[in-house]
Structures are given as structure tokens and as C-alpha cells.
Amino acid sequence: MSRVGALSLMAVCVSLTLSGCDRPWWKWGRGGPGDEGGYSCPRPALMQNAGFNDQEFEIRYFRRAAFKNDFFAQLELADRYAAEKSTDKNLEDPIEGSVWLVMALANQEGYAPMNRILTNDGKLASRYDKCRAFERARAYRRLDRNLAMMDMSERDKVRDRVVYILSTLGADGFRTLGRLYDVQYGPMGEPADNREAVRAMMRNSDDGRRNVRSLFQRSDVDAYLYNYKATETGDVGAYVLLKDFERSAGDRKDYASFVVGKAKRWVAPYEFYPPEAPGGGVPHSDESIRSDAQDYALIRMEELPFVHVGRALVYLDLTQTLYSSPSEVPADTLTGLRAILGKATTGRAEMVRMTNAEKLRAIQLAAINGSSQAQLALAVMYSEGVGVPADYARAFYWYQQAEKQGSPEARFAMSTYFALGLAGVADQSKASAVVLRLDSAMGGYRPSAQRLRAILEQVSRNPNG
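Residues numbered from 1 in each chain as written. Predicted model: local features only at pLDDT ≥ 70, side-chain atom pairs only at ≥ 80, totals over all residues. Heavy atoms only, no water.

A positive phi angle, close to 55°, is found at Ala83, a residue other than glycine. Tracing the sequence through the fold places Ala83 in the loop between helix H4 (71-82) and helix H5 (94-106). Among the residues examined, Ala83 registers a relative accessible area of 6% and is labelled buried. Of note, the phi angle at Asp317 is positive, near 60°, even though the residue is not glycine. (Helix = DSSP H or I, 4+ residues; strand = E, 2+ residues; numbered from the N terminus. Buried < 20%, exposed > 50% of the residue type's maximum accessible area, 1.4 Å probe, protein only.)

In total, this model carries one disulfide according to the counting rule given. One disulfide bridge connects Cys41 with Cys131, the sulfur atoms lying 1.9 Å from each other. An S-S torsion of about 95° defines the bridge between Cys41 and Cys131 as right-handed. In this pair, Cys41 sits in the loop between helix H2 (18-21) and helix H3 (54-67) while Cys131 sits in helix H6 (residues 127-148), placing the two residues 90 residues apart along the sequence. Overall, Cys131 belongs to the buried group, its relative accessible area being 4%. (Disulfide = S-S within 2.5 Å.)

With that out of the way, let us pick up the nonpolar core. Counting 92 residues, the largest nonpolar core has Trp100, Phe216, Met354 and Met381 as the members making the most contacts within it. Top contributing element to this core by residue count: H5, with nine residues. Beyond its immediate sequence surroundings of up to four residues, Phe216 is in contact with Val102, Arg159, Val162, Val163, Leu180, Tyr181 and Met188. (Core = buried A, V, L, I, M, F, W, Y, C linked by side-chain atoms within 4.5 Å. Contact = heavy atoms within 4.5 Å.)

Moving on, we come to the confidence of the model for the protein chain. In the predicted model, the protein chain carries a mean pLDDT of 77, and the fraction of residues at 70 or more is 73%. Across residues 448-465, where pLDDT falls below 50, the model places 18 contacts with residues more than four positions away in sequence or in other chains. (pLDDT = per-residue confidence, 0-100.)

With the rule as written, the count across this model stands at 30 salt bridges. With a closest N to O distance of 2.9 Å, Arg63 and Glu96 form a salt bridge. In this pair, Arg63 is assigned in helix H3 and Glu96 in helix H5, connecting sequence segments 33 residues apart. Like Arg63, the residue Glu96 is buried in the burial classification. The partner of Arg142 in a salt bridge is Asp79, with the nearest N and O atoms 2.8 Å apart. With Arg142 in helix H6 and Asp79 in helix H4, this residue pair connects regions lying 63 residues apart in the sequence. (Salt bridge = Lys/Arg side-chain N within 4 Å of Asp/Glu carboxyl O.)

Printed below as a string of C-alpha cells:
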């Protein structure tokens, strides 16, 4: 098509209805069966100019929106990571693409009816409802195809990343997780009679191939757990839905006492979104919504001695020098950390200043990659609400990780949990406390050695404690 012809076609499209011009530009003029352009929802142009960094800018833009549960941004990310356009080949990542297909399919923005007015022939009048239904049907087919080509470990990555993202959305995210595990809902947590859900359940039923139904194995315990986690946020609607859940099947309320304890020990699959990227592509980054509690905890990072951050930077091989203050950290070390985190650098002024969030991420990265010192520091941070909101379950988890590597300080801290008892996280057990403190003392941690005699005397007075 000539340049003049293309411009003429664009001018014609301005005057036509939405159904005629919502197809991608590379499909204009193509008709007949299989032409998806006439049914998919239109997408606004994100940028008018074309520059070297446009791809990175757009990916970050869509990720910010997708982490806030924008249905169309999630679909757009799935397209980008599927590398449907040749210019996106460096982004190709079936796992990441599948994550955003799941997020879009589980998103109520994709299936909640907007306009149920019917035309004279009994069809939906709303173009919005129709194009969303098409987008969801297409997303189901693509997700089914992706999962069929994955092994179990890859499917686990998809599921765990979805669980992490939804857990950052508060009550709404936990409610969605509850539906994903509830047998009374469709494969992606939509109403069971949803048209796209019914079709997804019918696919591959005769040949046994893996599909979306097996990504979240249905379990009343897991469904109850996530509904309960939603109520822990203080959301009133979540409490009403939890009671509905208990009444929806005869034996569900019997799980209550077991699930409450399980919920107190629950931790998200990741510290933050996995900082991975396809070769040559834009690094994945964590754009999850921050709460007031998180902002306050980040301010308290100033209370943490910087030596812990310095040790993390050394462990991550970003420097060979143990820095004692953020002002000592050179620009190249900061650039390396930001590259790992998938964070864009916008200017020279930012380059020379290490933020509280970056200090936190350095410790988290080192902990995730096996530094017992960082694991211990992170456990204390969760205990005290420094850098991260206080979370005793998460604190205990990181104490456990450090203890597995022989940290006597972690053993002493865990012994305190068992000595005092923390409902749901570590039940009171004086015997367990003594064993851990004895091991801690033998490892050379002085506070445990000093207090061991008093604990032994306490246990001898109450041998059944």
C-alpha cells in the first residue's frame, strides 16, 4: 500500500464506527474468517514519537498499570512478552507472558458486565462487553497453548508470580486468590457459567493435555485461607464473603480453626517480583502498590546501620569495598544494583543518591541469594518494622533460613519465639527454646550462654511446658 493510500485509509477510519477501525494497523484491509481485528478491543497509541528507549518506556508504563490491575495493560504485556511483533523478540518470555494472561483472565474488569441492554435480535448492544469477551476467549487459548508447552517447574513459576502480584493488591487480590482455588468458580475465578470459562473447561477434556484447569488445583483449604487473608486486611466486604464461603458447602466451616493458624504462617512466594529478564530485553521490575505502612517502614530504614547494606552489596559482587555510609557508594555500584532491579535511571542527580528502597532491595537480594547475614538482618527488619511492615511470620521465615546456615544469632532469636509463643507462627515450647539456645551458645553467641541457666531452671520447674 502506498503512503497516500495508507493516509487515505486512516482518514476514512476516523469517520467509521468503532467496530470498523479497532483492528491493529497491520491488519487493516484484511477480512474474512480469523480476522481478530474486528472483534478485539481498540488500544490507544501510547506514544506518538519513535525513539531508541521507547520499548523500555512502554514496558515500564504497562507494568505500572498492570500491577494496579488494569485489564488492558495486562493484555498488552501478554502480547509484548509473546513477541507477536518482530520488534519485541528480545522480550519473548512464555512464563512472563502467561503470568499476565492469568492476571487478565482473573481480573473482574474483564468479565463484569457493563451494559446488559440487548438489541432487537437479542444480542448484547454493548461493544465493550463483546470485545472483552473476545479478548478473554483469545487469552484462554493462548494460555492453554503456553501451559501445554511448559514443564512443572515453569508452571509453578507462573502460579507463584501470580500469587505474589495478587497478594500485593490487598483484600481484592486475596479474594481473587480465594476464587482461583474455589471449585465453585471457573478456571480463572470468574462465575462458573461465564461463557469463556465454560469453553475453557471443555477444551482438551478427551486427550488429557495440560490446560488452565490444572494451574490452580482446587482446594477448599486454600480457598478458605485466601478468603481469611482478605479479612485480615480489615476489609468489611471480605468478612461478609468469608461467611458466604463458609455457608456455601456443609463442611467448609469445619476448616476454620486449622486455616486460621495456617493464615498466620502464610508468606508470599517472593520478597519482591523476581528480577529476571529475557536476554537483551527490559528487566522485570516490581511495580506493586505501596501502602502507608510500607512508606512509613521505608522511612525507618535510616535507623538500620548501613553496614548491613554494605555487606549485601559486597555479597552481590557489586563492590569489593565494605561501605559504612550511603554517601560512600559510588555511581557504578548503584548502576549495577539498579540494573539488577530493573530500575530506570533518569538523571545524574539520582545516580549519586541511594534511596531507602534501594537499601532494602540490596538486603533482600542478598538474602534471597543465600547470605546468612542478610537473612538475619531481614528477619530483624520484619520483627521491628524497619524497611518493611512488621510481619512476624516473615521474620520467622528468614530466621529459619539463616539458622539452616548455622547462624547462632538466628537460633537465639528463634528460641525467643518458642519461649514466648507466637500464635500460629511458633507455638510455645520451652523444650524447643532450650535446644535452640544451647546450640546458639555452643556457636559462640554470648547472650544465649548468659541466659541459658535461667531457662533450664524454668523448664525444670515445668517439664511439660
